Amino acid sequence: MLEHSLTELAQLLRTRELSSAELVQSCLERAERGHAALNCFISICPDQALAQARAADRLLAAGQGGPLTGVPIAHKDIFCTSGIKTSCGSKMLDNFIAPYQATAVARLAAAGTVMIGKTNMDEFAMGSSSETSYYGPVRNPWDPERVPGGSSGGSACAVSAGIVPCATATDTGGSIRQPAALCGVTGLKPTYGRVSRYGMIAYASSLDQGGPIARSAADAALLLTAMSGFDPSDATSTEAPVEDYQETLTDGIKGLKIGLPKEYFTPDLEQPVAAAVSAALQTLEQAGATVVEIELPHTHLSIPVYYVIASAECSSNLSRYDGVRFGHRCADPVDINDLFCRSRGEGFGAEVKRRIMIGTYVLSAGYYDAYYLKAQRLRRLLRDELRAALEQVDVIVTPTSPTTAFPLGARTQDPVAMYLSDIYTVSVNLAGLPAVSVPAGFSNGLPIGMQIIGNYFQEAKLLNVAHQYQQLSDWHTQTPAGWRQGA
Amino acid sequence: MGKYGNVIDCDFPNESERMSLETKQVRNVAWLARLAITEDAEAGYAEDMTTILALAAQLQAVDTAALEPLAHPLELVTPRRADRVLEADRRADFQRHAPLTQDGYYLVPKFVE
């Protein structure tokens with residue numbers, strides 16, 4: 001299965017050379033093994049998956065079905081799935097079975113995909129290493145002693161290890177792109193509003209966006225086409241028309257103007273990562289692109305702006321977990337405040353509590369103007385800088401993460417060091433722009449990611465550039481030892 | 001007022017003290033957020049929050065008087081729809097997830113004397 005792209009798998013399914021039931025069965029077996037070694041799933045659902053696969057086979061036998069019919073997929077455990085537990089990586093929701101389906105999941109199901117399980121993640125998507133999960137840390141298939149990145153670490157890990165050909169993920173400050181980079185896969189964060197947030201458990205509502213993780217840009221394009229579109233259930237979803245993102249993949253990139261922000265190449269950037277991105281840029285130049293230096297002078301403020309705004313929105317969003325209507329409730333509460341405080345104290349992990357408290361602090365009387373409003377003003381400055389840059393160039397290219405995958409536990413004692421993992425990704429969320437991370441090399445056997453940022457709703461352009469790069473490189477076809485075909 | 005109620009009166013630090021949170025302020029924020037945290041964890045949270053707020057203090061270095069706050073990246077217009085009932089009553093479905101219900105109500109400990 002590993003050697004096939006989504007398009008090829010769909011073709012094999014349509015010509016009946018492979019049945020969806022066989023394909024799903026092999027994914028389920030691999031998922032059990034992957035889960036034991038890498039802890040990348042929270043739930044695996046063989047009964048439901050095989051029933052869906054058999055239904056897909058019936059459709060395919062009747063000559064019906066689309067390009068994704070019968071294709072296995074894993075969903076990040078942040079997306080509500082009716083009948084299957086949605087925990088969001090938290091003890092708070094360890095007993096929660098959503099009474100409805102997230103729109104992104106429903107759209108992918110309607111397109112014929114078969115869900116084999118729900119992937120592990122940082123608790124409530126708060127983390128950059130997938131270590132804050134109530135269900136234990138996810139491991140990186142390239143080196144199990146290292147993190148896969150986060151918060152969508154389970155999805156990136158499962159695709160990287162060839163357990164599933166594709167997965168859904170979400171990105172609030174880099175949570176699709178950074179794990180994609182650290183696991184050597186392709187991850188796209190769409191424009192804010194492109195994919196419905198309905199049924200996607202909220203962390204920071206003005207930043208959260210769902211998107212695909214797959215092995216190539218071409219596969220991600222297929223998924224994005226199926227996931228996207230206006231949803232009346234999400235007031236922030238956009239009516240901008242959905243394109244067929246596969247259609248423009250093969251366009252040439254001659255004349256493409258690439259901006260390189262000089263502020264992103266700081267001493268914190270590991271030298272092999274910088275070298276890999278430079279080499280990738282040369283490849284794009286050889287294909288006819290030109291590279292110009294651009295300025296994003298306030299980049300250094302993006303992390304503090306992000307953590308003030310994201311924490312404020314998180315403290316508000318997570319107030320719904322009160323132990324009353326669903327989720328964890330403490331034993332024997334003596335009064336209503338005891339019920340609230342202990343249910344939340346027991347249900348949330350340390351990082352979630354830290355962010356709720358920071359958010360509560362920056363929103364409290366006397367601090368609101370100095371922290372929250374100040375951060376919102378600077379959010380405008382950062383967005384305007386990116387907008388201005390994208391008037392001069394077609395896309396901006398940067399490293400996705402300043403380092404390759406770091407050892408498990410290396411940053412858990414130092415929240416700020418962990419936050420700095422997102423230095424190259426958070427501005428994109430603050431501005432609401434789309435960006436994709438593609439594999440661009442290795443350092444000491446660990447994958448390196450290159451980020452391509454585009455203008456609003458230019459996912460087709462991003463995927464085109466990423467695909468053209470993947471036609472000229474083979475980093476995205478590499479598979480970790482122990483997870484290769486036949487292994 | 002329950003056992004957490006007694007900390008609501010404690011003050012936030014003033015401007016000059018802002019950079020270093022004490023356990024008293026952590027207790028107050030935890031109360032505002034309705035989070036029970038154990039006494040032996042308070043010092044750790046105080047230290048972490050002090051570090052994070054020091055990071056956030058970098059924002060003060062920039063003059064933002066001419067910038068309007070931006071709450072949302074796309075500055076969307078909220079779509080409107082007709083005021084019609086679209087969904088069926090699913091109270092029983094939703095209450096299945098509740099820790100405690102009775103006669104269609106959610107049960108919580110008594111809080112009005």
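Residues numbered from 1 in each chain as written. Chains lettered and ligands numbered in written order. Predicted model: local features only at pLDDT ≥ 70, side-chain atom pairs only at ≥ 80, totals over all residues. Heavy atoms only, no water.

Trainee: Give me the lowdown on the layout of surface pockets, citing residues and values where you can.
Mentor: Residues and elements named next belong to chain A. By volume, the largest pocket is sized at about 600 Å³. Lining the largest pocket are 25 residues, and of these Cys80, Phe96, Tyr100, Arg320 and Phe326 lie nearest its centre. Here the lining of the largest pocket is composed, by residue class, of 14 nonpolar, five polar and six charged. (1 Å grid on protein atoms, 1.4 Å probe; cavity = no way out; pocket = protein on both sides within 12 Å on 5 of 7 lines; lining within 4 Å. Points joined across faces, edges and corners; volume = space filled by probe spheres on them. Nonpolar A, V, L, I, M, F, W, Y, C, P; charged D, E, K, R; others polar.)

Trainee: Run through the interface of chain B and chain A, naming residues and quoting values.
Mentor: Each side of the interface is counted separately: chain B has 54 residues, and chain A has 68 residues. Between chain B and chain A, the buried area comes to about 5800 Å², and carbon and sulfur atoms account for 69% of it. Area buried by chain B at its contact with chain A is led by B:Leu59, B:Leu70 and B:His97, which between them contribute 12% of it. Our enumeration of links across chain B and chain A arrives at one salt bridge. In this structure, the salt-bridge partner of B:Asp48 is A:Arg354, at a minimum N-O distance of 2.8 Å. At the boundary of chain B with chain A, the tally comes to 19 residue pairs in polar contact (both at pLDDT 80 or more). The element contributing the most residues to the side of chain B that touches chain A is helix H2 (residues 39–56) of chain B, with eight residues. (Contact = heavy atoms within 4.5 Å. Buried area = accessible area lost by both parts, 1.4 Å probe. Salt bridge = Lys/Arg side-chain N within 4 Å of Asp/Glu carboxyl O. Polar contact = N/O pair within 3.5 Å; in protein donor to acceptor, adjacent residues only side chain to side chain. Helix = DSSP H or I, 4+ residues; strand = E, 2+ residues; numbered from the N terminus.)

Trainee: How would you explain the packing of helix H2 (residues 20–38) of chain A against helix H3 (residues 46–61) of chain A if you had to name every residue and give the values?
Mentor: Residue and element names in this part refer to chain A. Closest axis-to-axis distance for the H2/H3 pair is 8 Å, and the angle between their directions is 155°. As far as their axial angle goes, H3 and H2 are roughly antiparallel. Crossing of H2 against H3: the hand is right-handed. Taken together, the residues of H3 that come into contact with H2 (itself represented by Ser20, Ala21, Val24, Gln25 and Leu28) are Pro46, Ala49, Leu50, Ala53, Ala56 and Asp57. (Axes fitted to C-alpha atoms, helices over the stretch in contact; angles between N-to-C directions. Parallel < 35°, antiparallel > 145°, perpendicular 65-115°, else oblique. Left-handed = near helix turned anticlockwise from the far one by under 90°.)

Trainee: Which residues make up the environment of A:Ile303, and what are the values?
Mentor: If you trace the backbone, A:Ile303 turns up in helix H9 (residues 302–317). Since its relative accessible area comes to 1%, A:Ile303 is described here as buried. With 57 residues separating them in the primary sequence, A:Ile303 and A:Gln246 have C-alpha atoms 34 Å apart. The residues contacting A:Ile303, other than those within four sequence positions of it, are A:Tyr419, A:Leu420, A:Asp422, A:Ile423, A:Val426 and B:Leu55. (Buried < 20%, exposed > 50% of the residue type's maximum accessible area, 1.4 Å probe, protein only.)

Trainee: An account of the pairing of strand S11 (residues 446–453) of chain A is requested, with residue identities and associated values reported.
Mentor: Residues and elements named next belong to chain A. Counting buried positions along S11 gives eight out of eight residues, so the element sits mostly inside the fold. When strand S9 (residues 395–399) meets S11, the two strands line up antiparallel, connected through four bridges. Directly across from proline 399, in S11, lies its bridge partner methionine 450. In terms of strand pairing, strand S10 (residues 435–443) meets S11 through eight bridges, oriented antiparallel. Within S11, the residue paired with glycine 441 across the bridge is isoleucine 448. Connecting the antiparallel pair S10 and S11 is a turn made up of two residues, with asparagine 444 showing a positive phi of about 50°. (Pairing = 2+ DSSP bridges.)

Trainee: An account of the state of the cysteines is requested, with residue identities and associated values reported.
Mentor: Residue and element names in this part refer to chain A. In total, this model carries zero disulfides over all chains according to the counting rule given. Cysteine cysteine 88 shares no disulfide, and the gap to the nearest cysteine sulfur, in cysteine 80, comes to 8.3 Å. Lacking any disulfide linkage, cysteine 183 is separated from the closest cysteine sulfur, that of cysteine 157, by 5.8 Å. A residue is classified by how much of its surface remains accessible, and cysteine 183, at 1% relative accessible area, is buried. (Disulfide = S-S within 2.5 Å.)

Trainee: Could you give an account of the nonpolar core, with specific residues and numbers?
Mentor: Soluble globular proteins tend to bury their nonpolar side chains together. All names here are of chain A. Formed by 142 residues in total, the largest nonpolar core has its most connected members in Phe124 and Ile452. It is helix H12 (residues 368–392) that contributes the most residues to this core, ten residues altogether. Phe41, Ala53, Ala161 and Ile213 belong to the second largest nonpolar core, which has 29 residues in total. (Core = buried A, V, L, I, M, F, W, Y, C linked by side-chain atoms within 4.5 Å.)

Trainee: Could you give an account of the packing of helix H11 (residues 350–363) of chain A against H12(A), with specific residues and numbers?
Mentor: Residue and element names in this part refer to chain A. Contact geometry for H11 and H12: axes closest at 7 Å, N-to-C directions at 105°. The angle between the axes of H11 and H12 places the two elements in the roughly perpendicular class. Between H11, through Tyr361, Val362 and Leu363, and H12, the contact on the second element is made entirely by Tyr368, Tyr371 and Tyr372. Of the residues belonging to the contact of H11 with H12, the class tally is six nonpolar, no polar and no charged.

Trainee: Run through empty space enclosed by the protein, naming residues and quoting values.
Mentor: Residue and element names in this part refer to chain A. Taken as a whole, this structure holds three cavities of 30 Å³ or more when the rule is applied. Reported here for the largest cavity is a volume of approximately 80 Å³. What lines the largest cavity is a set of 14 residues, among which Ala125, Gly127, Ser175, Tyr306 and Asp422 lie closest to the centre. For the lining of the largest cavity, the class distribution of residues is five nonpolar, seven polar and two charged.

Trainee: Can you tell me about the environment of A:Glu32, naming the residues and giving the values?
Mentor: All names here are of chain A. The residue glutamate 32 is located in helix H2 in this model. A residue is classified by how much of its surface remains accessible, and glutamate 32, at 46% relative accessible area, is partly exposed. It is 12 Å that separates the C-alpha atoms of glutamate 32 and valine 164, two residues lying 132 residues apart in sequence.

Trainee: Could you give an account of the packing of aromatic side chains, with specific residues and numbers?
Mentor: In the structure shown here, the tally under the stated rule is 16 aromatic pairs over all chains. Judged by centre distance (5.2 Å) and plane angle (35°), the ring pair of A:Tyr100 and A:Tyr198 falls under tilted. Placement of the pair is A:Tyr100 in the loop between strand S2 (72–76) and helix H4 (103–110) and A:Tyr198 in the loop between strand S5 (186–189) and strand S6 (209–214), with a sequence separation of 98 residues. Across the ring face of A:Phe406, the terminal group of A:Arg411 is positioned such that the distance to the ring centre comes to 3.8 Å. Over the aromatic face of B:Trp31 sits the side chain of B:Arg34, whose NZ or CZ is 3.8 Å from the ring centroid. (Phe/Tyr/Trp six-rings, centres within 6.5 Å; stacked < 30°, edge-to-face > 60°. Lys NZ or Arg CZ within 6 Å of the ring centre and 35° of its normal.)

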